[in-house]
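# Structure assessment
Chain by chain, the residues run as shown.
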Amino acid sequence: MQLFSSGSARQDAEDPAPDARPDDKSANTDSGRPEQASELAAERWIALVDRIRDHNEEAMEELYRVFSRGIRYYLCRHLGPQELEDKVHDTFLIVVQAIRGGGLREPEKLMGFVRTVVRRQVAAFIDTAVQSRRDFTDLEVGGRVPDIRQNPEERVLEGERSDIMAKVMRGISRRDREILTRFYLFEQTQEQICEEMNLTETQFRLLKSRAKARFGELGRRKLARIKVRELMLRKATGSGH
Amino acid sequence: MTGLSWEDDGAGESLMTRRSVQQCLSSKEIEDFLFDRLSGVTREVIEEHLLVCHKCLDRVEEEEKYFGAVRKAAARIQQEEFTAAVAGKPPVPGKLREWFGKFFGKGPAVWATVGLAGVLATVVLVQRQPGAKTEVEVALRLERGGAPEEPAAAAGRTMILTVDIQELPDAPVYRLDVVDGAGRLMASGEVAPQTGRLRWKVPRVLAAGAYWVRLRNPEEPLELLREYGLVVR
């Protein structure tokens, strides 16, 4: 079970992350010249599209490896987890068929093309869902709502995370709690909160960072306790080495 | 096609301000992305970047989990405070209550003090509820043909829903239920129609999310007259 990535909560939420390289190794941003990075990426996409058009299986694998995770995230965010794998595969097939059928006229813009396909897939799925609901409204009593629940393990993890955060929030002042509630629950902007609650930007950022750091700290302690318990359980049952 | 929020293509942004698709996301951009505050070319570029950059995707997913945890915790605490205030219990931690009892005993004085604190807490809670300073009226419409644009309302504000019921069977009152995406009942009420419309002040401030508003005749509770989608942002 993993509640948090190690060290992620320690990062100051307000400092820009160090220039992490994208997974695309050829688009090396170390050069510090975005034009060069763009050119390298464009060359990579052109080469990939050419290989896909040649029905190169490794190119298909590379396309899937690079894009499937982003596509999955996008579809899940807009449509939920239901039938996600099918939707990802459908989208992937559409992209490949479009590439092979000449639908991608500018191979260097492969990323934008994939994004457009994914957006249209989301719209199409929503259209289908709305039409289905209309067709079945008169027959079903009570209507239907999509089941957006996660699997049981994810629900447990989510519950544990919110328990830890509730502990953090109960341990801070009412005012600080209100600030976090406004920002995360009511989605008010930083500017609005600072103006209405007479805060500086620095105070606001500091509060967010402290809360996040405390969250990470409690999470790590909980994980450590769980590991110790598991270890003791293994020793007690004699299953440990 | 649905009226999706990303259909604008950023006509207001120029090439000079265009963000590079190769550039990884800053913390602020991740926040804006998760709060759906991005639009135009910036949104396009960031979404393209997230299609291929697994490191940024890791960061976004991690932040999303954190956001979810804070939201759930904040909603839970809000509910607890509201329930405690309505029940007349003072919203103080357990240790403080012990300290109170230790110094003031358990006689009428402490109950009067606690009761007063409860009243004060109730008054303060109601008046200082963040974001509920103004009301927002949302008209629920029935769209025929094509995909409807779900009405959107602002999170953290008291909502007044209005519904046109001219095509529905007459009834002295109608019942309105608000359920969330998981089917949990969030608010419920009965409203008498006035000039062919229902006007209902939702008795609860809703957090951001997708909801369904269900309309029924209370005398026939099993029959759903209409169901409207409602997005709160």
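Description of the structure in this document. Keep in mind the model is a prediction, meaning the values are calculated, not measured.

Moving on, we come to the overall build of chain B. When helices and strands are counted, chain B shows five helices and eight strands. Listing each helix as α and each strand as β along chain B from the N terminus yields α-α-α-α-α-β-β-β-β-β-β-β-β. Taking all 233 residues of chain B together, 44% fall into the buried category. For chain B, the proportion of contacts with a sequence separation of at least 24, taken over those separated by at least 6, is 62%.

Moving on, we come to the environment of B:L225. All names here are of chain B. Here L225 shows up in strand β8 (residues 220-232). Distance from L225 to L168, taken between C-alpha atoms, is 7.7 Å for residues 57 residues apart in sequence. In this structure, L225 is in contact with L168, P169, Y174, L215, R216 and N217, ignoring residues within four places of it in sequence.

The final tally for this structure, using the stated rule, is 10 aromatic pairs over all chains. On the basis of an interplanar angle of 90° and a centroid distance of 4.9 Å, the ring pair of A:F183 and A:Y184 is categorised as edge-to-face. Like A:Y184, A:F183 is buried. Grouping aromatic residues by their ring pairs yields a cluster made of A:F183, A:Y184, A:F204, A:F215, B:F35, B:Y66 and B:F67.

Counting residues in each nonpolar core, the largest one holds 42 residues, and the members touching the most others are A:M165, A:M169, A:Y184, B:F33, B:L50, B:V60 and B:Y66. Sorting the residues of this core by element identifies α5 (152-170), α6 (174-185), α7 (190-197) and α8 (201-237) of chain A together with α1 (27-34), α2 (40-52) and α3 (54-86) of chain B as the ones contributing at least two each. The greatest single-element share of this core, amounting to 10 residues, is contributed by α3(B). Counting 34 residues, the second largest nonpolar core, distinct from the first, contains A:L48, A:Y74, A:F92 and B:L51.

Let's shift gears to the sheet that holds strand β1 (residues 135-140) of chain B. Residues and elements named next belong to chain B. The three strands lie next to each other as β1-β3-β6, forming an open sheet whose pairing is mixed. Whereas interior strands pair on both sides, the edge strands pair on one side only; in this sheet they are β1 and β6 (197-201). Looking at each pair of strands side by side, their axes are set apart by 20° on average, direction ignored. Bridging between β1 and strand β3 (residues 158-164) involves six bridges; their strand directions are parallel. What sits directly across from A139, in β3, is T162.

The next point concerns the pairing of strand β4 (residues 174-180) of chain B. All names here are of chain B. Burial analysis of β4 places six of its seven residues in the buried class, which makes it a mostly covered element. In this sheet, strand β5 (residues 185-191) lies alongside β4 in antiparallel orientation, the contact comprising six bridges. Looking at β5, one finds that L176 is bridged to G189. Counted along the chain from β4 to the antiparallel partner β5, the turn is four residues long, and its residue G183 has a positive phi close to 85°. Summarising the sheet, β4 and strand β7 (residues 209-217) pair through six bridges and their orientation is antiparallel. From the neighbouring strand, D180 faces β7, where its bridge partner is Y211.

A few words now on the pattern of salt bridges. Summed over all chains, the structure comprises 31 salt bridges over all chains. Where A:R69 meets B:D58, a salt bridge forms, and the shortest distance between an N and an O atom there is 2.6 Å. Residue A:R69 is located in helix α2 (residues 57-79), and its partner B:D58 is located in helix α3; the two belong to separate chains. The partner of B:R71 in a salt bridge is A:E187, with the nearest N and O atoms 3.3 Å apart. Taken together, the residues B:R71 in helix α3 and A:E187 in the loop between α6 and α7 connect one chain to another. Judged by relative accessible area, which is 23%, B:R71 ranks as partly exposed. A network of salt bridges, in which partner residues are shared, links A:R77, A:R115, B:D36, B:R43, B:E47 and B:E64.

Moving on, we come to the environment of A:L104. All names here are of chain A. Structurally, the position occupied by L104 is in the loop between α3 (84-100) and α4 (110-137). Residues L104 and V49, 55 residues apart in the sequence, show an inter-C-alpha distance of 8.7 Å. Those residues in contact with L104, other than ones at most four positions away along the chain, are V49, R53, A98, I99, K109, L110 and F113.

Looking now at the pairing of β6(B). All names here are of chain B. Burial along β6 is one-sided: the residues L198 and W200 are buried and none of R197, R199 and K201 is. Sheet topology note: the β3/β6 ladder contains five bridges and is antiparallel. For D164, the partnering residue across the bridge sits in β6 and is R197.

Attention now goes to α1(B). Counting buried positions along α1(B) gives seven out of eight residues, so the element sits mostly inside the fold. For α1(B), the set of buried residues is B:S27, B:E29, B:I30, B:E31, B:D32, B:F33 and B:L34. Packed against the buried residues of α1(B) are α2, α6 and α8 of chain A together with α2 and α3 of chain B. Phi turns positive one or two residues past the end of α1(B), at B:D36, with a value near 55°.

The next point concerns α3(A). Residue and element names in this part refer to chain A. Taking 1.5 Å per residue as the helical rise, α3 with its 17 residues ought to reach 24 Å, and the 24 Å between its terminal C-alpha atoms agrees with that figure. For α3, the complete set of buried residues consists of L84, K87, V88, T91, F92, V95, V96, A98 and I99. Following α3 by one or two positions, G102 has its phi on the positive side, about 85°.

With a phi close to 65°, A:H55 is a non-glycine residue in the positive phi region. Relative to the helices and strands, A:H55 resides in the loop between α1 (34-53) and α2. With a phi close to 50°, B:T195 is a non-glycine residue in the positive phi region. In this fold, B:T195 is placed in the loop between β5 and β6.

Moving on: the packing of α1(B) against α3(B). Axis angle and axis distance: for two packed helices, these are the angle between their axes and the distance between the axes, and together they describe the pair. Residues and elements named next belong to chain B. Look at α1 against α3: their axes get within 10 Å of each other, and the N-to-C directions meet at 60°. Relative to α3, the element α1 lies oblique. Here α1 and α3 pass one another in a crossing that is right-handed. Contact residues: α1 offers S27, I30, E31, F33 and L34, while α3 offers R59, V60, E63, E64 and F67. Residues belonging to the contact of α1 with α3 are distributed by class as follows: five nonpolar, one polar and four charged.

Conventions and cut-offs
- Residues numbered from 1 in each chain as written.
- Chains lettered and ligands numbered in written order.
- Predicted model: local features only at pLDDT ≥ 70, side-chain atom pairs only at ≥ 80, totals over all residues.
- Heavy atoms only, no water.
- Helix = DSSP H or I, 4+ residues; strand = E, 2+ residues; numbered from the N terminus.
- Buried < 20%, exposed > 50% of the residue type's maximum accessible area, 1.4 Å probe, protein only.
- Contact = heavy atoms within 4.5 Å.
- Phe/Tyr/Trp six-rings, centres within 6.5 Å; stacked < 30°, edge-to-face > 60°.
- Core = buried A, V, L, I, M, F, W, Y, C linked by side-chain atoms within 4.5 Å.
- Pairing = 2+ DSSP bridges.
- Axes fitted to C-alpha atoms, helices over the stretch in contact; angles between N-to-C directions.
- Salt bridge = Lys/Arg side-chain N within 4 Å of Asp/Glu carboxyl O.
- Expected span 1.5 Å × (residues − 1).
- Parallel < 35°, antiparallel > 145°, perpendicular 65-115°, else oblique.
- Left-handed = near helix turned anticlockwise from the far one by under 90°.
- Nonpolar A, V, L, I, M, F, W, Y, C, P; charged D, E, K, R; others polar.

Any functional reading would require information that these geometric values do not contain.
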